[in-house]
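Fold and contact review
The chain contents come next:
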Amino acid sequence: MALRCFRHLHSLLRCSSLAVVRRLPQPPARCTALLLDGCRHCTHPLLLARPLATKKAKGKGQTQAKVNISAALVEDIINLEETNTDMQAVVEALKEDFNRNLNVRTSQGALDHIIVATKDGKFPLNQLGQISQKSPQLMVVNMTNFPESTAAAMKAIRESGMNLNPEADGTVIRVPVPKVTREHRESLAKLAKQSTNKSKEALRKVRSKSVNQVKKFKSKVSEDTIWLLEKQIQQMADSAAAEMDKLLAAKTKELLG
């Protein structure tokens, strides 16, 4: 009896395998190739079916399917390289803000790019006055060339977020450098968090702009193509946000010691 059952096992397995193969997604008649994985039935890349890029499952060791779309194949819909450049520009702006304005030790160069609002427009402080450091505890800004902007320069320094209290002596602004206290460090750490949140908001605007651009082509391309592009844009945004989080963690560690 066991031998008779064994004879039917091969045919049953073969039928089961054929049934599974028939349910597999077949390559499109004209493979437009959005992803890198090659199609087993032709020499063209195969469009990734949506079920393969499932939402990240909860639990350790389970990662979300990575989408990597060829920019050349969707250049008529959106410029992915430009989108990535815009997102990286937001990251670089945050990095520059950290390096310029959020330092434990206030240096002469930290005042250079403080923006001063005057009646003629907004200008960096170093374009309006001559900045020098007289001692580790004192910086001086000479406003002789633009004396009418002295008050505006003092206001900009006071509101720079660097815990500075300038004092005017005619057209000369004296800027005492405060001692580094725990309170000051914590204040800078809060400013770093605020700057990061603002940068993430700017990042979301870049992502939304790109997604809206893609959605304009809903009537011209397939639903899967739109979905894949949106997912690619989201992955780029997630990567930029993760980079911001790393910058914030490093800056917070530096400030709090």
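Residues numbered from 1 in each chain as written. Predicted model: local features only at pLDDT ≥ 70, side-chain atom pairs only at ≥ 80, totals over all residues. Heavy atoms only, no water.

As named in an unreviewed UniProt entry, the chain is Ribosome-recycling factor, mitochondrial, taken from Chrysolophus pictus. According to its UniProt record, the chain has this under Subcellular location (unreviewed entry): "Mitochondrion". Listed in UniProt under the heading Sequence similarities (unreviewed entry), the comment for the chain reads: "Belongs to the RRF family." (UniProt positions renumbered as here; feature names shortened; annotations may be inferred.)

**With respect to the overall build of the chain**
The number of helices and strands found in the chain is six helices and six strands. Listing the helices and strands of the chain from first to last along the sequence gives α-α-β-β-α-β-β-α-β-β-α-α. Counting all 257 residues of the chain, 31% fall into the buried class. Looking at the chain as shown, the accessible area adds up to about 17000 Å², and 52% of this sits on carbon and sulfur atoms. (Helix = DSSP H or I, 4+ residues; strand = E, 2+ residues; numbered from the N terminus. Buried < 20%, exposed > 50% of the residue type's maximum accessible area, 1.4 Å probe, protein only. Areas by Shrake-Rupley, 256 points an atom, 1.4 Å probe, with all protein chains shown as cover.)

**Thoughts on the nonpolar core**
Formed by 29 residues in total, the largest nonpolar core has its most connected members in I78, L80, M87, F98, V214, L229 and I233. Every element with two or more residues in this core is listed here: α2 (80-101), α5 (182-215) and α6 (223-256). For this core, the leading source of residues is α6, giving eleven residues. The next biggest cluster of nonpolar side chains, apart from the first, holds 19 residues, and it includes I114, A156, M162 and L164. (Core = buried A, V, L, I, M, F, W, Y, C linked by side-chain atoms within 4.5 Å.)

**Points about the side chain of K251**
Mapping K251 onto the fold places it in helix α6. We classify K251 as buried; its relative accessible area is 4%. When residues no more than four places from it in sequence are discounted, the contact partners of K251 are F98, L102, N103 and A192. (Contact = heavy atoms within 4.5 Å.)

**Details of the environment of Q234**
Mapped onto the elements, Q234 comes out in helix α6. Between the alpha carbons of Q234 and V211 there is a distance of 8.7 Å; along the sequence they are 23 residues apart. Within the structure, Q234 has its side chain in polar contact with the side chain of D238 (distance 2.8 Å). (Polar contact = N/O pair within 3.5 Å; in protein donor to acceptor, adjacent residues only side chain to side chain.)

**Some details on the side chain of S199**
By the secondary structure assignment, S199 is in helix α5. Excluding residues that lie within four positions of it along the chain, S199 makes contacts with V90, L94 and M244.

**Observations regarding α6**
Between its terminal C-alpha atoms α6 stretches 49 Å, which fits the 50 Å expected from 34 residues at 1.5 Å a residue. Just downstream of α6 lies G257, where phi reads positive at about 75°. (Expected span 1.5 Å × (residues − 1).)

**What to know about the packing of α5 against α6**
Contact pair α5 / α6: the axes reach a minimum separation of 10 Å and the direction vectors enclose 170°. By the angle between their axes, α5 is roughly antiparallel relative to α6. For the contact of α5 with α6, a count of residues per class yields 16 nonpolar, four polar and eleven charged. (Axes fitted to C-alpha atoms, helices over the stretch in contact; angles between N-to-C directions. Parallel < 35°, antiparallel > 145°, perpendicular 65-115°, else oblique. Nonpolar A, V, L, I, M, F, W, Y, C, P; charged D, E, K, R; others polar.)

**A short note on the pairing of strand β2 (residues 121-124)**
For a regular strand, side chains alternate in direction, first toward one face of the sheet and then toward the other. As paired strands, strand β1 (residues 115-118) and β2 are joined by four bridges and run antiparallel to one another. Among the inter-strand pairings, I115 is bridged to a residue of β2, identified as P124. Where β1 folds back onto β2 in an antiparallel hairpin, the turn is made up of two residues. (Pairing = 2+ DSSP bridges.)

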